[in-house]
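Read off the chains here:
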Amino acid sequence: MCSRKCFRMPTLVICGVVLTIVLVCITGITLTNSINISNIVKLREKVASDSAAANGGHQAAQTRAALVEQQYSTLQQHHMSKSDLNYISAATHPKNLQRLLATPAPAPAAPPPPPAPPNKIVIEIGLRNSGSNDSASSASGAANLMPMPHMLQAADALLEGNVDSISLPAAVVAATTTTTTTTTTTTAPARTTSTAMEFATTSDDPLVFGIADHNPAGIQFERRAHVKQMMEHAWHNYKLYAWGKNELRPLSQRPHSGSIFGSYDLGATIVDGLDTLYIMGLEKEYREGRDWIERKFSLDNISAELSVFETNIRFVGGMLTLYAFTGDPLYKEKAQHIADKLLPAFQTPTGIPYALVNTKTGMAKNYGWASGGSSILSEFGTLHLEFAYLSDITGNPLYRERVQTIRQVLKEIEKPKGLYPNFLNPKTGKWGQLHMSLGALGDSYYEYLLKAWLQSGQTDEEARDMYDEAMVAIMDKMVRTSPNGLTYVSDLKFDRLEHKMDHLACFSGGLFALGAATRQNEHTDKYMDVGKGITNTCHESYVRTPTQLGPEAFRFSDAAEARALRSQEKYYILRPETFESYFVLWRLTHDQKYRDWGWEAVLALEKHCRTAHGYCGLRNVYQQEPQKDDVQQSFFLAETLKYLYLLFSDDSVLPLDEWVFNTEAHPLPIKGANIYYRQAPVALPAPNAS
Ligand code: DMJ
């Protein structure tokens, strides 16, 4: 028989166990709450201080943006990848700010903030579906991404104090690939979502950075992530072995000096590659580059002989894009500084600039090899986008005037068979040798005719007319079809067609297609056919080599199609033009084959061009194990990797109706269509004294 004592023993044990469980629970809850509450307190403090400082709706909107940013910075501390946090800057996108301003912003809260009503919103950080992230699966994974309206809703709730808990499940902390989900119990109305990518609105906000895409279903995640990793590899090795120099020699692990940049250290890879880092969300690397530009980049006190064309497309173009992206005045100042150094080259009887200019003396000249002292069409004809935009953001009309002068000379001059020869004498205003090409020496002139029209918001009709006239003449006189049905664009030398196409001319697949997509006229169908045909031919030039990378030039004859025949045209130097056309055709047609072709190229680049210390070109793409050239071109970071990254991104990243790419793949905003145009205020006439 059990005594009372004996009965009490199990009761005490049970009570002890229950007490322990209760204590553990309380401790757990307290710990959880202390995390959540400290976050919330911090957020509320931020709300209070921001709100107190706020002078109006705009700042309230920024405050909400800051809250979202703060949330995400917490997530980042838990090893979540920045690319998975691309929505981070959504709330600071000027479009979203405008949208927020259009809706009644919450009244600035007077500190101390009121206690939060319980359980209005739970922000829960979840895991992305595992498995493949490529298009098919990403479509199903889309539902797990936190959409913009929810972000804004969450931001509002935070601002208003309607948040009960923010939970970070332990699994998230351990996760390497994560994204966000929300569970809302609020009845707050959802906002409409923006379709554009996101940018920082100010340069000095350390939390505000990058570009977001709003349609995860449009992204091939694994492919894109792979390209991003290639960029990191290229950049980190450049940083390690050639920082501040122009380019990297990956095999010898030292800088590549000389070449088109002269002998000075101008950080060409930094300036050329920086907008790609920005687009990819590589913030740390971007900031290293910006810092170098701020502290080191200057053309003062050096006596460099610079190529007007290369300096314009890479340096001026790079700075202009960075200015458009960030609004950081540093980039505008640098762009103007560089362009000013180029201006002496324009001091010619015709206004057609020389090819080379000395940054110290202003002495300018042409290349000795260029047809009797001529300037080169693809060089003096590829300044318009940058100079026109520079005038608009600085308010100084001089730059636009310079390129308008070039335009007038080219408009008025007689064109043999309606075509533009590659050489023009800047003193006499007469053509040199009658060689025409959509490849070397001609290429980007035609590109800038179409793109000047696009950049102007399709108001510069003169440019569009000149584009149509030139392309119709090219289709008639230079575009041909091989016996096996490959479309190509030949060079024309006097009256003789040279059935050869440069790799450089592979950009024209995209150019024809873009011409078709942006205006319906009698040429539209033909443009699109030729654009697709040329892109297909350039792909053939790649897949007909054992390396699956294309040669510098390829020929068409009875014996061969889309193959290089001469030893000096068998190299590949990491050029972008074929991928540029894949990108443009993908955007315009959504034919999956363009993405697959791009991915084939990525695999080939990885197999043959990647080294332990960066990427090299190849000396002969027709060899199974080709020798590498030991140069990582700056355009590999500026163009090749950017176009491949964008190929696997959603259309909302740099949409083609808001951005136009300069010939070095630096995107420039389209006037009237893009809020990042950042036009300088027009000076008002002085008030009438009377
Ligand atoms: C780039 O510098 C530019 O695309 C230019 O217009 C031509 N070639 C190189 C890349 O191949």
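Every value quoted in this text rests on a predicted model; they were computed, and no experiment measured them. (Residues numbered from 1 in each chain as written. Predicted model: local features only at pLDDT ≥ 70, side-chain atom pairs only at ≥ 80, totals over all residues. Heavy atoms only, no water.)

Another aspect to go through is the overall build of the protein. Counting its regular elements, the protein contains 21 helices and 22 strands. Per-residue burial for the protein yields a buried fraction of 58% across its 690 residues. At a minimum sequence separation of 6, the contacts of the protein that also span at least 24 residues come to 72%. (Helix = DSSP H or I, 4+ residues; strand = E, 2+ residues; numbered from the N terminus. Buried < 20%, exposed > 50% of the residue type's maximum accessible area, 1.4 Å probe, protein only. Contact = heavy atoms within 4.5 Å.)

Next up on the list: the state of the cysteines. By the definition in use, this model includes one disulfide. Linked covalently through their sulfurs, Cys-506 and Cys-538 form a disulfide whose S-S length is 2.0 Å. On the S-S bond that ties Cys-506 to Cys-538, the torsion sits near -95 degrees, and the link is left-handed. Taken as a pair, Cys-506 in the loop between β16 (500-502) and α17 (508-518) and Cys-538 in helix α18 (residues 524-543) lie far apart in primary sequence, 32 residues in all. (Disulfide = S-S within 2.5 Å.)

The backbone of Lys-417 shows a phi angle near 55 degrees, a positive value even though the residue is not glycine. Mapping Lys-417 onto the fold places it in the loop between α14 (398-412) and β10 (423-424). At Leu-441, a residue that is not glycine, the phi angle is positive and equals roughly 80 degrees. Checked against the element boundaries, Leu-441 lands in the loop between β11 (435-436) and α15 (443-455). For Leu-441, a relative accessible area of 25% corresponds to the partly exposed category.

Chain-level pLDDT for the protein is 78 on average; 69% of the residues reach the 70-or-more range. Predicted confidence is poor over residues 1-7, with pLDDT under 50, and the contacts of this stretch with residues over four places away or in other chains come to one contact. Between residues 22-207, whose pLDDT stays under 50, and residues either more than four places distant or in other chains, the model counts 314 contacts. (pLDDT = per-residue confidence, 0-100.)

Our next topic: the sheet that holds strand β14 (residues 491-493). The strand order across the open sheet formed by three strands is β11-β14-β15, and the pairing between neighbours is antiparallel. Strands at the two margins of the open sheet, each flanked by one partner only, are β11 and β15 (496-498). Here β11 pairs with β14 via two bridges, running antiparallel. When the bridges of β14 are listed, Met-436 appears paired with Leu-492. (Pairing = 2+ DSSP bridges.)

A separate point is the packing of helix α16 (residues 461-477) against α18. Closest axis-to-axis distance for the α16/α18 pair is 12 Å, and the angle between their directions is 60 degrees. Compared by their axis directions, α16 and α18 come out oblique. For the pair α16 and α18, the sense of crossing is left-handed. On α18, the residues that touch Arg-464, Tyr-467, Asp-468, Met-471, Val-472 and Met-475 of α16 are Lys-526, Tyr-527 and Val-530. For the contact of α16 with α18, the class distribution of residues is six nonpolar, no polar and three charged. (Axes fitted to C-alpha atoms, helices over the stretch in contact; angles between N-to-C directions. Parallel < 35°, antiparallel > 145°, perpendicular 65-115°, else oblique. Left-handed = near helix turned anticlockwise from the far one by under 90°. Nonpolar A, V, L, I, M, F, W, Y, C, P; charged D, E, K, R; others polar.)

What follows deals with the site of the ligand. Every residue lining the ligand is accounted for by Phe-309, Ile-313, Arg-314, Leu-504, Arg-575, Pro-576, Glu-577, Phe-635, Glu-639, Thr-663 and Glu-664. A distance of 2.6 Å separates an oxygen atom of the ligand from a polar side-chain atom of Arg-575. Protein chains shield 92% of the accessible area of the ligand, which is 290 Å² for the free molecule. Mapped onto the shell around the ligand, the elements with two or more residues apiece are α10 (308-326) and α21 (634-647). Residue contributions to the shell around the ligand peak at three residues, all from α10. In terms of residue class, the shell around the ligand is built from five nonpolar, one polar and five charged. (Near = heavy atom within 4 Å. Polar contact = N/O pair within 3.5 Å; in protein donor to acceptor, adjacent residues only side chain to side chain. Areas by Shrake-Rupley, 256 points an atom, 1.4 Å probe, with all protein chains shown as cover.)

The next point concerns the pairing of strand β17 (residues 553-556). Consecutive side chains of a regular strand alternate in pointing toward one face of the sheet and then the other. Along β17, one buried face is formed by Ala-553 and Arg-555 and the opposite face, lined by Phe-554 and Phe-556, is buried too. With three bridges joining them, β16 and β17 adopt antiparallel strand pairing. The residue of β17 that forms the bridge with Asp-502 is Ala-553. Direction of pairing for β17 relative to strand β18 (residues 561-563): antiparallel, over a ladder of two bridges. When the bridges of β18 are listed, Phe-556 appears paired with Glu-561. What sits between β17 and β18 in their antiparallel hairpin is a turn of four residues.

Look at helix α19 (residues 577-589): 18 Å from first C-alpha to last across 13 residues, which is about the 18 Å you get at 1.5 Å a residue. Buried within α19 we find Glu-577, Thr-578, Phe-579, Glu-580, Ser-581, Tyr-582, Phe-583, Val-584, Leu-585, Trp-586 and Arg-587. Next to the buried residues of α19 lie α15, α17, α18, α20 (592-609), α21 and β21 (659-661). Just past α19, the residue His-590 takes up positive phi, approximately 55 degrees. (Expected span 1.5 Å × (residues − 1).)

Now for the pattern of salt bridges. Within the structure shown, the criterion is met by 33 salt bridges. The salt bridge partner of Arg-544 is Glu-540, with a shortest N-O separation of 2.9 Å. Residue Arg-544 is classed as partly exposed on the basis of its relative accessible area of 32%. Connected through shared salt-bridge partners, Arg-407, Lys-411, Asp-460 and Glu-462 make up one network. (Salt bridge = Lys/Arg side-chain N within 4 Å of Asp/Glu carboxyl O.)

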